[in-house]
Amino acid sequence: MKKLFIILVLLFGILSFSTVHSQIATREDVIFYTAEWTGERYPDGRPMVSDELLERIKNISIEEAWGVLRGSGYNNQFAGDWQMIHENEPFTGRALTAVYIPESPGLEKRMLKKGHEDGMIGASNSWPIDMLKEGDVYVADCFGKVIDGTLIGDNLGNAIYAKSHSGVVFDGGARDLEGLGKIDGFNAFVRGFDPSYLEGVMLTGINVPIRIGTAVVLPGDVVLAKREGVIFIPAHLAEKVAITAEFIMLRDKFGHQRLKEGRYTPGQIDGKWTDEIKQDFLKWLDENPDLLPMTREELDNFMKNRTW
């Protein structure tokens, strides 16, 4: 019995050692991080938020998304103060996360060796890029380092866009702004641009929870990047964020039109709506179906729980 206990302890220690020194989160790890998500998942475990929903979210404002998240108790989802390639080219996507720390030579050597044994190729800063899929956004914490913290130049930028057709968000730097700017459709939100190469940092995790500024990012979060900043929407709240923001936009559009027509006063539109205004709004929706970014069934179900 004692021998069996010793064998189990040794086996557990070996398994624990393997887990501790694996930079890439397992599918089970990612499911644990994102347990609130109940839909389909990618093979790596990340939530499979639909392309259609990503497109809808691209059309909402940061403030609208922020308000819904705050109302749901998620207070640490926004990061601002960025430099970007194209200020007026927003993008959305599913986060593939990575975290870098200052270099520790012995540990870095072991981590690199372990990664190669696990099938990864080349330098570790290329590994997250190798894992990207269509619609992914590469989100990396490089502890705000810009000089010698340039995670990509135009070569890696082209590789990223070829795989994801999206952009990147780095709490760190990038190099070769001129070359990156020539990649049609690509955008980058970074802390700064610098001509230096990446030095003195090491990759320690992929598809793990990370911090970007004051925001928390989980693998598979929906990234909404716009001029004023980036907001990270937990996958299980993506649909709620989209339809709530879309409803508010429809409500505002109706209100603005009726105010211009002089049918209601600002106090009536800004205050709690009467049954008369509600019925007028529903009739207006019937008359303008092309304005609905969601299905009418989705909107009707959503409005059942509204207090207006």
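Description of the structure in this document. Keep in mind that this is a model prediction, so the values were computed, not measured.

1. Let's talk about the overall build of the protein chain
Okay, step 1: Across its full length, the protein chain carries 12 helices and 12 strands.
Okay, step 2: With the C-alpha coordinates aligned to their principal axes, the bounding extent of the protein chain is approximately 80 × 60 × 30 Å.
Okay, step 3: Relative to its 308 residues, the protein chain shows a buried fraction of 46%.
Okay, step 4: For the protein chain, long-range pairs separated by at least 24 residues make up 73% of all intrachain contacts whose partners lie at least 6 apart in sequence.
Okay, step 5: Carbon and sulfur atoms form 55% of the exposed surface of the protein chain, whose accessible area is close to 15,800 Å².
Okay, step 6: Distance between charge centroids for the protein chain: 5 Å, based on 34 positive and 45 negative side chains.

2. Some remarks on the nonpolar core
Okay, step 1: Within the largest apolar cluster, 27 residues are counted, with the highest numbers of intra-cluster contacts made by Tyr100, Tyr138, Ile152, Ile160, Val168, Phe170 and Phe186.
Okay, step 2: Those elements giving two or more residues to this core turn out to be strand S3 (91-102), helix H6 (127-130), strand S4 (136-150), helix H7 (154-164), strand S5 (168-174), strand S6 (188-190) and strand S8 (201-206).
Okay, step 3: Apart from residues no more than four positions distant in its own chain, Ile160 is found in contact with Ile129, Leu132, Tyr138, Ile152, His165, Val168 and Phe186.
Okay, step 4: With 21 residues, the next largest nonpolar core counts Phe91, Ala95, Ala215 and Val230 among its residues.

3. Some details on the pattern of salt bridges
Okay, step 1: With the rule as written, the count across this model stands at 17 salt bridges.
Okay, step 2: Across the pair Asp118 and Lys114 runs a salt bridge whose closest N-O atoms are separated by 2.7 Å.
Okay, step 3: As a salt-bridge pair, Asp280 and Arg263 come within 3.6 Å of each other at their nearest N and O atoms. Taken together, the positions of Asp280 in helix H11 (residues 275-287) and Arg263 in the loop between helix H9 (238-261) and helix H10 (266-270) put the pair 17 residues apart, joining distant regions of the chain.

4. Here's the deal with unusual backbone geometry
For residues other than glycine, phi is negative in most cases, and the peptide bonds are mostly trans.
Okay, step 1: In this structure, Asp81 is a non-glycine residue whose phi angle is positive, near 65°.
Okay, step 2: If you trace the backbone, Asp81 turns up in the loop between strand S1 (78-79) and strand S2 (83-84).
Okay, step 3: Despite not being glycine, Asp148 shows a phi value in the positive range, around 65°.
Okay, step 4: Tracing the backbone through its elements, the reader meets Asp148 in strand S4.

5. Let's talk about the packing of H9 against helix H12 (residues 296-304)
Okay, step 1: The N-to-C vectors of H9 and H12 enclose an angle of 90°; their axes lie 11 Å apart at closest approach. Overall, the two elements H9 and H12 adopt an arrangement that is roughly perpendicular. Between H9 and H12, the contacting residues are Glu239, Ile243, Thr244, Phe247 and Leu250 on the first element and Glu298, Leu299, Phe302 and Met303 on the second.
Okay, step 2: Per-class residue counts for the contact of H9 with H12 are six nonpolar, one polar and two charged.

6. Quick look at the pairing of S3
Okay, step 1: For S3, the tally of buried residues reaches 10 of 12 residues, placing the bulk of the element in the interior.
Okay, step 2: Looking at chain direction, S3 and strand S11 (residues 222-226) are connected through four bridges and run antiparallel. Looking at S11, one finds that Gly93 is bridged to Val223.
Okay, step 3: Relative to S4, S3 runs parallel, the two sharing six bridges. If you follow Arg94 over to S4, its bridge partner there is Asp136.
Okay, step 4: Here S3 runs beside S8; their pairing, made up of five bridges, is antiparallel. Looking at S8, one finds that Pro102 is bridged to Val201.

7. What about the pairing of S11?
In regular strands, side chains alternate between the two faces of the sheet.
Okay, step 1: Counting buried residues in S11 gives five out of five residues, a clear majority hidden from the surface.
Okay, step 2: Here S11 runs beside strand S12 (residues 229-233); their pairing, made up of five bridges, is antiparallel. Its bridge partner lying in S12, Val223 is registered against Phe232.
Okay, step 3: Between S11 and S12, which pair antiparallel one after the other, the connecting turn spans two residues.

Rules used throughout
Residues numbered from 1 in each chain as written. Predicted model: local features only at pLDDT ≥ 70, side-chain atom pairs only at ≥ 80, totals over all residues. Heavy atoms only, no water. Helix = DSSP H or I, 4+ residues; strand = E, 2+ residues; numbered from the N terminus. Buried < 20%, exposed > 50% of the residue type's maximum accessible area, 1.4 Å probe, protein only. Contact = heavy atoms within 4.5 Å. Areas by Shrake-Rupley, 256 points an atom, 1.4 Å probe, with all protein chains shown as cover. Lys, Arg positive; Asp, Glu negative; His and termini not counted. Charge placed at Lys NZ, Arg CZ, Asp CG, Glu CD. Core = buried A, V, L, I, M, F, W, Y, C linked by side-chain atoms within 4.5 Å. Salt bridge = Lys/Arg side-chain N within 4 Å of Asp/Glu carboxyl O. Axes fitted to C-alpha atoms, helices over the stretch in contact; angles between N-to-C directions. Parallel < 35°, antiparallel > 145°, perpendicular 65-115°, else oblique. Nonpolar A, V, L, I, M, F, W, Y, C, P; charged D, E, K, R; others polar. Pairing = 2+ DSSP bridges.

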